[in-house]
Amino acid sequence: MSSALDVTEALDIEPPTTELARRVSSSLGLSTSPTGTFHGPPWTKTGTSLTRTTTGGASHKQLKPFAAEEIKILLLENVNTTGQDILRSQGYQVTALKSSLPEDELIEKIRDVSVIGIRSKTKLTARVLREAKNLIVVGCFCIGTNQVDTKVAAERGIAVFNSPFSNSRSVAELIIGEIISLARQLGDRSNEMHKGTWNKVSNGCWEIRGKTLGIIGYGHIGSQLSVLAEAFGMSVIFYDVVNLMALGTAKQKPTLEAMLGTADFVTCHVPELPETKNMLGRKELGYMKDGSYLINASRGSVIDIPALIDAMRSGKIAGAALDVYPAEPAGNGDYFTNELNPWAEDLRSLKNIILTPHIGGSTEEAQSAIGIEVSEALVRYVNEGITLGAVNMPEVNLRSLTMDEPNHVRVIYIHRNIPGVLRGVNAILGDHNVDKQMTDSRGDVAYLMADISDVNVTVIKDIYQRLESLGGKGFSTTLALDAQSANEVPARIMTRVLY
Ligand SMILES: NC(=O)C1=CN([C@@H]2O[C@H](COP(=O)(O)OP(=O)(O)OC[C@H]3O[C@@H](n4cnc5c(N)ncnc54)[C@H](O)[C@@H]3O)[C@@H](O)[C@H]2O)C=CC1
Ligand SMILES: O=C(O)CCC(=O)C(=O)O
């Protein structure tokens, strides 16, 4: 791992002029499309540091810009040790807790940290984010990012990363297991045996071969499930707001209503959005076939649960499996009662209902992969400002600064996407040798990254102060994350706008 000391040494040496002729902009050719799917970076883990591999296979020792131990990270909800190890190996101060935190406690803890890692339960609301004065980045160690106010985060210059598909297969496999379990009433039979009762029945128990599976939301999970279900001899139909290529012999239905009326099993795989709130309510449950089954492993807000309870009591719905709920306990050992959701006891009393504690993505494989993917994204962002894969920022990337180019500085300037800002920034940077620069915007937020050569400590301080002074023009800059390393030798300047 290169250290602040490496940087100090590097910057203290006045290199010969020839060394100042740096290699310039050579884009890595990675996707910078805000909508592009991020398929993983060309990184290798060597010892304790992440090293970018060049196309020729050689690697450059990366210039690590600051005293890493000053970066405080809070990980909640039992983030996998793969992720914790990567962050610790960078020298960051990592605190890892097993559960999520209530809002007031979260606010106390978040004030102090530069990075927070969460899963699906921790709510990073606008109120929490406004108190997070030092926070620069959020890592969601899961797929969903609905628990974070990503817009407010972007407005505050806080990047948000997730793992878009590392647990998709685990969810799809769980759903297959649930389809068979519901069709055979496995949960009830097993509970009876646990209580000592032998109850050998075939009435209302079915094979899944030849039955129709209706998938709402044909994204990463829905399409993976489609392939698995066909392998079991099921027919697959799906409903999605986007026109999508159907895999195998699956067929897209034009409306939710048309899909619900045809399916024997209906399963939800949509994100939590205003449009998906209660998208299966009394009316929609009424469209479903008599004696059909309903599964939800997406978000608890998607199904109107009191309506489902009534539909199951009436026999309209023959069985259900729920993995997610409008309110979920903060940690293991907490109770799932009416205090949390007013209908919890009614739900628990139903026959042929499988209730699981949000474990769709909870496999060793998924959690390990997520730990690595999100932690590496956090390291890239903290160390180099790279936003590839961010869900709320433009995706910006320049090749790493290396030890071959020690007297460089990387400037990162996050600002409101309004006319005139770049003119101000470039007037400052224009006095220097800008080796490479990239800017992009996403909605209201714009992101500039520039590598400047031939700098020394005085020049760096001057650039930083001048950038800070732009705040007077309506976009106040804050947070010189790396401007003061232990030796007052910054190698990266980071400023960001506060709305
Ligand atoms: N239970 C668990 O542990 C897990 C739950 N999830 C949840 O599952 C959700 C889906 O995950 P992915 O398949 O990876 O997401 P995805 O983004 O790949 O796919 C979602 C699909 O839903 C579609 N969609 C959006 N709004 C819709 C609407 N109103 N009607 C119909 N279709 C709509 C989209 O067009 C997209 O094709 C996640 O957002 C997350 O909330 C994800 C992983 C684990
Ligand atoms: O495993 C978790 O904590 C959350 C899984 C999930 O719901 C997601 O990935 O969106």
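Residues numbered from 1 in each chain as written. Chains lettered and ligands numbered in written order. Predicted model: local features only at pLDDT ≥ 70, side-chain atom pairs only at ≥ 80, totals over all residues. Heavy atoms only, no water.

**Section: the site of ligand 2**
Residues in close proximity to ligand 2 include Arg 119, Ser 120, Cys 142, Ile 143, Gly 144, Asn 167, Arg 299, His 358 and Gln 367, which together make up its full environment. Note that an oxygen atom of ligand 2 is positioned 2.7 Å from one of the backbone N or O atoms of Gly 144. Here an oxygen atom of ligand 2 and a side-chain polar atom of His 358 are 2.6 Å apart. Against a free-state accessible area of 290 Å², the protein chains account for coverage of 91% of ligand 2. Its residues assigned to classes, the shell around ligand 2 shows 2 nonpolar, 5 polar and 2 charged. (Near = heavy atom within 4 Å. Polar contact = N/O pair within 3.5 Å; in protein donor to acceptor, adjacent residues only side chain to side chain. Areas by Shrake-Rupley, 256 points an atom, 1.4 Å probe, with all protein chains shown as cover. Nonpolar A, V, L, I, M, F, W, Y, C, P; charged D, E, K, R; others polar.)

**Let's talk about the pairing of strand 16 (residues 433–442)**
Sheet topology places strand 16 next to strand 17 (residues 445–453); 9 bridges connect them, and they run antiparallel. Paired with Lys 436 across the two strands is Asp 451, which belongs to strand 17. Taking the residues that link successive antiparallel strands as the turn, the strand 16-strand 17 hairpin has 2 residues, and the phi of Gly 443 there is positive, at about 60°. (Pairing = 2+ DSSP bridges. Helix = DSSP H or I, 4+ residues; strand = E, 2+ residues; numbered from the N terminus.)

**A word on the site of ligand 1**
Taken together, 26 residues are adjacent to ligand 1, and His 220, Ile 221, Asp 240, Ala 297 and Asp 323 come closest. In the environment of ligand 1, an oxygen atom lies 2.6 Å from a nitrogen or oxygen atom belonging to the side chain of Asp 240. One of the side-chain nitrogen or oxygen atoms of Asp 323 is found 2.9 Å away from a nitrogen atom of ligand 1. Compared with its free state, where it exposes 860 Å², ligand 1 has 87% of that area covered by protein. Here the residues of the shell around ligand 1 sort into 13 nonpolar, 10 polar and 3 charged.

**Some points on the nonpolar core**
Core analysis: the biggest nonpolar cluster contains 35 residues, and Tyr 92 and Val 137 have the highest contact counts within it. Counting residues per element, the ones that place at least two in this core are strand 3 (72–75), helix 2 (81–89), strand 7 (159–161), helix 13 (364–384), strand 15 (409–416) and strand 17. Here this core gets 7 residues from one element, more than from any other, and that element is helix 13. Not counting chain neighbours up to four residues away, the residues in contact with Tyr 92 comprise Ala 68, Ile 71, Ile 73, Leu 87, Val 379, Val 382 and Asn 383. Ile 216, Leu 260, Phe 336 and Leu 350 belong to the second-largest nonpolar core, a separate cluster that totals 33 residues. (Core = buried A, V, L, I, M, F, W, Y, C linked by side-chain atoms within 4.5 Å. Buried < 20%, exposed > 50% of the residue type's maximum accessible area, 1.4 Å probe, protein only. Contact = heavy atoms within 4.5 Å.)

**Topic: the sheet that holds strand 8 (residues 212–216)**
Strand order in the open sheet formed by 7 strands is 10-9-8-11-12-13-14, with parallel pairing between adjacent strands. Every interior strand has two partners, whereas the edge strands, strand 10 (251–252) and strand 14 (353–355), have only one. Here strand 8 pairs with strand 9 (residues 235–239) via 5 bridges, running parallel. What sits directly across from Gly 214, in strand 9, is Ile 237. Its contacts with the sheet put helix 6 (residues 168–183) on strand 8, strand 11 (265–268), strand 12 (292–296), strand 13 (317–322) and strand 14, and the angle it makes with strand 12 is roughly 150°. Where helix 11 (residues 305–313) meets the sheet, it contacts strand 12, strand 13 and strand 14, and its direction lies at approximately 145° from that of strand 13. (Axes fitted to C-alpha atoms, helices over the stretch in contact; angles between N-to-C directions.)

**Details of helix 7 (residues 186–194)**
What sets the pattern is the α-helix's 3.6 residues per turn: residues three or four places apart point alike. What helix 7 keeps buried is the set Asp 188, Arg 189 and Glu 192. The arc that holds the buried residues of helix 7, viewed along the axis, is 100°, so those residues lie on one side. (Arc of directions from axis to C-beta.)

**Regarding helix 11**
All of the buried residues in helix 11 are Ile 305, Ala 307, Leu 308, Ile 309, Ala 311 and Met 312. Lining the buried residues of helix 11 we find helix 10 (282–287), strand 12, strand 13, helix 12 (344–348) and strand 14. Trailing helix 11 by a residue or two, Gly 315 shows a phi angle of about 90°, which is positive.

**A look at the packing of aromatic side chains**
As enumerated under the stated definition, the model contains 4 aromatic pairs in all. Ring geometry for Tyr 218 and Phe 238: centres 3.6 Å apart, planes at 10°, overall stacked. Placement of Tyr 218 in the loop between strand 8 and helix 8 (220–231) and of Phe 238 in strand 9 is noted, with a sequence separation of 20 residues between them. Under the relative-accessibility criterion, Phe 238 is labelled buried at 0%. With 4.7 Å between their ring centres and 10° between their planes, Phe 265 and Tyr 293 make a pair best called stacked. (Phe/Tyr/Trp six-rings, centres within 6.5 Å; stacked < 30°, edge-to-face > 60°.)

**Here's the deal with the pairing of strand 5 (residues 115–118)**
Across the two faces of strand 5 the burial is the same, with Val 115 and Gly 117 and Ile 116 and Ile 118 all buried. In the sheet, strand 3 pairs with strand 5 via 3 bridges, with the strands oriented parallel. Each residue of the ladder has a partner; that of Leu 74, found in strand 5, is Ile 116. As paired elements, strand 5 and strand 6 (residues 137–140) share 4 bridges and run parallel to each other. Bridging from a neighbouring strand, Val 115 pairs with Val 137 of strand 6. The handedness of the strand 5 to strand 6 crossover, carried by helix 4 (residues 126–131), is right-handed. (Right-handed = clockwise from strand over helix to strand, strands pointing away.)

**Digging into a nonpolar patch on the surface**
Together, Val 241, Val 242 and Leu 244 give the surface a local cluster of nonpolar side chains, amounting to about 270 Å² of exposed area. Among the secondary structure elements, Leu 244 is positioned in the loop between strand 9 and strand 10. The class for Leu 244 is partly exposed, based on a relative accessible area of 32%. (Patch = residues over 30% accessible without salt bridge, like charges linked within 9 Å, V, L, I, M, F, W, Y side chains within 5 Å. Salt bridge = Lys/Arg side-chain N within 4 Å of Asp/Glu carboxyl O.)

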